[in-house]
Each structure stands twice: as structure tokens, then as C-alpha cells.
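Below, each chain spelled out in residue letters.
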Amino acid sequence: MFSKETYVNRRAELKKRVGSGLLLFLGNDDCGANYEDNTYPYRQDSSFLYYFGLPYAGLNAIIDIDEDREIIFGDELTIDHIVWMGTQPTIHEKALRIGVGETLPSRNLRDYLDKAVKSGRTIHYLPTYRPEHKLKLWEFLDIKPGAEQPSIPMIRAIVDMRNHKTPEEIAEIERACNVTADMHIEATRVLRPGMREYEVVAALEAVAKANGCGLSFPTIATVCGQTLHNHYHGNIVKPGDMLLVDAGAETEMGYAGDMSSTICADKYFTNRQKEIYDIQVASHLAAVDALKPGVPFKDVYELSARVICQGLKDLGIMKGDPAEAVAAGAHAMFFPCGLGHMMGLDVHDMENLGEVWVGYDGQPKSTQFGRKSLRLARPLEPGFVLTIEPGVYFIPELIDYWKAEKRFEEFINYDKLETYKDFTGIRNEEDYLITEDGARRLGKKIPLTTEEVEALR
């Protein structure tokens with residue numbers, strides 16, 4: 001937890017930005033995995049954490065701008081709770097740590113909101129992403145599921161504040177990135193042909209645990225790298241395979257790291273693997289070099305895609321002008337995802353608040369295949385923390401689909417492409433802070449080039 005002053009100042013700034021009304025923050029509750037007392041690992045709502053810093057279940061909060069009140073609602077532990085969990089600070093004691101002096105039982109929240117509604121006051125709330133949030137809005141405000149109308153002024157104010165990381169946040173994110181880097185370095189060291197993917201997962205996740213961290217998202221470690229988010233870990237790694245690892249640590253305060261590696265199963269990459277891998281690295285480095293304030297991230301994405309197209313053209317897999325291929329969307333055969341995303345208290349920071357606000361500043365997203373998956377497009381600003389993760393993927397189902405439709409035949413050499421249907425995919429990823437005059441990598445360096453990977457093999 002940061003200092004009390006951090007949370008006091010954040011709430012004061014939010015009140016100033018929104019101006020009037022009542023801000024409702026719905027905290028997260030415990031959720032049973034297969035019965036009530038066997039819960040999923042608990043994670044507090046990130047915006048609740050940002051303004052109130054309390055990582056405990058069963059809390060909700062109000063910032064009443066008009067009446068200048070800040071209240072945390074929750075119920076104290078009973079003796080039955082204490083028997084199982086031990087003595088805990090009271091809710092009032094917890095609240096004082098973050099500068100909130102008023103606490104009330106949960107049952108009082110409905111009455112407080114009823115009074116505000118009857119007075120014609122505006123109730124601001126955020127988009128829901130859990131069923132419990134929908135039920136709370138129904139209980140507290142008589143808003144049935146599906147009828148929610150989240151507050152755009154509240155969303156925009158929170159997005160602008162959380163998008164610009166403070167020095168203390170950057171230090172915490174860097175800690176997550178350092179642990180994340182150690183996770184990837186360990187995976188690169190331990191991988192051997194004959195291992196199951198889950199053995200590598202066990203080794204890298206142990207690094208997070210040993211550093212007092214959790215995971216910022218479920219680990220990806222797969223020999224089937226052509227599937228972008230593959231969470232199955234049961235395959236045996238064979239000689240000649242590559243293992244794509246996408247994993248990140250989350251600090252106790254909830255800040256995330258997110259990196260990816262592509263590791264040769266053998267001591268060295270094959271020549272064919274190196275050819276594609278070098279294209280991915282060239283795209284990655286071009287994107288990193290382009291990072292600086294004022295540059296639209298969509299332009300960085302376009303640049304990275306052109307580098308991929310040029311590299312594949314040099315191998316005879318693509319043809320024609322790379323810039324024209326990217327403009328038409330032909331690059332999405334090999335690069336069907338975005339280049340990166342914001343990162344902070346969420347690994348995809350504030351994705352629940354809407355990419356159109358977080359990554360596009362209210363501007364519409366493209367509907368083109370590939371581009372529609374770009375989570376970030378807006379001009380970069382100092383304080384933004386984001387990932388760079390271009391990939392080169394050979395997806396058999398997509399190849400068959402586009403080939404049957406004769407799509408982009410002017411840019412794609414399908415005869416040559418057929419010989420790569422067994423290649424899988426490559427992705428490497430690093431985390432960057434936008435500075436006043438450029439960008440800085442966060443966390444320890446992980447192997448990026450084939451030479452760097454092989455040096456650890």
C-alpha cells in the first residue's frame with residue numbers, strides 16, 4: 001500500500017475532475033470455485049485499489065462530491081470469522097490507513113443511495129465485469145442487469161489518471177517486471193526436449209512465488225504458438241519445437257508485469273526458425289525505436305506490420321508493396337493481433353473501462369480483421385506504460401480460410417505459405433515507460449535475439 005497521502009490526493013483529484021454527484025465504487029467479493037468456502041484467489045477491483053488501496057473482500061465505497069464525504073461500507077468480522085482467519089484490523093482502522101474517516105455497515109449503502117436518488121442527484125458508476133457487480137447495481141439502484149448506463153465522466157477521469165503513472169507506481173511496476181524477467185530467464189534455462197509444458201510452467205511460476213508475487217494472468221507456455229492465447233500445458237516438447245511463453249508477475253499491491261519469449265527446444269534454432277524469428281525481432285526493435293511522446297501508437301503498429309511484410313516478402317511468402325499490403329489488411333494473415341496494450345494495475349490496464357477510452361481516447365476503433373484487435377492507438381504521452389509484442393504466426397485454419405476465398409492473392413504467395421503451415425508462431429514482448437523524450441524498458445532485459453536465447457540454452 002502506498003502512503004495515506006497518495007490515496008487522499010487521488011480522490012481529491014478525481015472529485016475535481018468529475019465535479020459533482022456521487023461516485024460509487026463496487027469492490028469485489030470472494031467467489032466460490034466449486035463451493036462457497038473454497039474460493040478463487042481473491043483480487044480486488046483495480047479502480048477500488050487505485051483510490052482506496054484496500055485489498056479486502058466485501059467492501060464498497062462512495063465519494064460524495066456534493067456533500068464532501070468519503071465512506072467505506074462493509075461488515076466487521078464475527079467471532080466465527082476470527083476463529084478461522086485470526087484477528088484482523090477493523091474496517092475503520094483499515095480506512096484510516098488511506099485517509100477515510102467514515103465507515104458504515106453494508107446495509108446502510110442502499111439507504112444512502114436511495115436518499116441521493118430521491119434528491120435528484122447523479123450517481124456515477126463504472127462498467128460491470130462480474131455478475132456480482134450487476135447484482136449489486138440491481139440491489140442498490142434498482143438497475144436490472146443489461147440496463148446499466150456507466151458514467152462517461154467518471155470513466156474518462158479515471159482513465160486519464162490511471163494512464164499516467166506516477167514515480168511510485170513506476171517503481172512498483174518495475175518490481176513486477178524484474179520478477180517477470182526472472183520468470184522468463186528461468187523458463188529459457190530449464191526447457192529441454194521431453195519435458196511437458198507444465199514442467200516449465202511450474203519452474204517459472206515458482207520464481208513468482210519465491211519473490212512474493214502472484215500471476216498477473218494465467219501463464220501461456222505452448223509448443224502451439226500459432227494459438228495466440230493457448231493455456232493448455234499438457235504437450236510434450238519435442239526436438240525441433242519452439243516453446244512460446246507469455247507470463248507475468250503481479251506484486252502484492254496489484255501491479256503487473258507482462259513479457260513473452262519464444263525458446264528453441266534444442267540448444268540452437270534451426271535456420272528456418274531463425275529466418276522468421278529475425279523478422280519478428282526486426283519488427284520489435286523498429287517499434288521500440290519509434291516510441292516517444294506525441295507519436296500515435298497506431299503508427300507504431302503500422303510500422304511494425306510493414307517490417308513483418310517486408311521480411312516475409314524477402315522469403316517469398318509475401319509479395320507486392322509492404323505498405324500497400326498493410327493498408328489493405330493482408331498483414332493480418334501473419335499478425336492478426338495488436339502490437340501492445342497499456343499496463344498497470346491490470347495487465348491489460350482498465351480493459352473493463354473500455355478500450356475506446358483507454359487506448360483510443362474516445363475515437364472509434366477499426367473493424368478490419370487484425371486492426372480491430374489493436375488495444376492501443378492514441379498518441380503516446382509521458383507516464384504511459386505499455387507492452388511491445390509483435391508476432392509472426394502461421395495459423396493453418398486461417399491460411400485455409402483465406403486461400404479458399406482467394407483473399408489478398410496479390411500480396412500472399414499461398415504456394416510458399418503452404419510449406420509453413422507447421423511452423424506455429426513467434427512472439428517476444430517487453431514493457432516500456434514513455435518518458436519526456438522517448439521510452440525506457442522496464443525490468444531486467446530478457447533474451448530477445450536468437451543469439452541471446454541460445455546463450456542461455
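Reading the values: the criteria
Residues numbered from 1 in each chain as written. Predicted model: local features only at pLDDT ≥ 70, side-chain atom pairs only at ≥ 80, totals over all residues. Heavy atoms only, no water. UniProt positions renumbered as here; feature names shortened; annotations may be inferred. Helix = DSSP H or I, 4+ residues; strand = E, 2+ residues; numbered from the N terminus. Salt bridge = Lys/Arg side-chain N within 4 Å of Asp/Glu carboxyl O. Buried < 20%, exposed > 50% of the residue type's maximum accessible area, 1.4 Å probe, protein only. Pairing = 2+ DSSP bridges. Axes fitted to C-alpha atoms, helices over the stretch in contact; angles between N-to-C directions.

- Per an unreviewed UniProt entry, the protein chain goes by Xaa-Pro aminopeptidase and derives from Muribaculum gordoncarteri.
- Under the heading Catalytic activity (unreviewed entry), UniProt records this for the protein chain: "Release of any N-terminal amino acid, including proline, that is linked to proline, even from a dipeptide or tripeptide."
- Quoted verbatim from the Cofactor (unreviewed entry) field of UniProt, the annotation for the protein chain is "Mn(2+)".

### Details of the UniProt feature "domain: Aminopeptidase P N-terminal" (unreviewed entry) in the protein chain
Okay, so step 1: Under the UniProt annotation, "domain: Aminopeptidase P N-terminal" (unreviewed entry) lies at residues 2-134.
Okay, so step 2: A helix fraction of 38% and a strand fraction of 20% characterise residues 2-134, whose end C-alpha atoms lie 30 Å from each other.

### A short note on the pattern of salt bridges
Okay, so step 1: Across all of its chains, the model carries 39 salt bridges by this definition.
Okay, so step 2: The closest approach of N and O atoms between Asp142 and Arg110, which form a salt bridge, is 2.9 Å. Here the residue Asp142 occupies a position in the loop between helix 6 (131-141) and helix 7 (152-163), and Arg110 occupies one in helix 5 (residues 108-118), the gap between them amounting to 32 residues.
Okay, so step 3: Under the relative-accessibility criterion, Asp142 is labelled exposed at 52%.
Okay, so step 4: By relative accessible area, Arg110 is classed as partly exposed at 25%.
Okay, so step 5: Ionic pairing is found between Arg375 and Glu351, a salt bridge with its closest N-O pair at 3.1 Å. Residue Arg375 is located in the loop between helix 13 (355-358) and strand 13 (385-388), and its partner Glu351 is located in the loop between helix 12 (322-328) and helix 13; the two are separated by 24 residues in the primary sequence.
Okay, so step 6: On the basis of relative accessibility, which here comes to 27%, the residue Arg375 falls in the partly exposed class.
Okay, so step 7: Judged by its relative accessible area of 36%, Glu351 falls in the partly exposed class.

### Quick word on the sheet that holds strand 16 (residues 430-434)
Okay, so step 1: Reading across the sheet, the 3 strands line up as 13-16-17 and stay open at both edges, with antiparallel pairing between neighbours. The open sheet has two edge strands with one neighbour each: strand 13 and strand 17 (439-441). Put simply, the sheet's adjacent strands are angled 35 degrees from each other on average, direction ignored.

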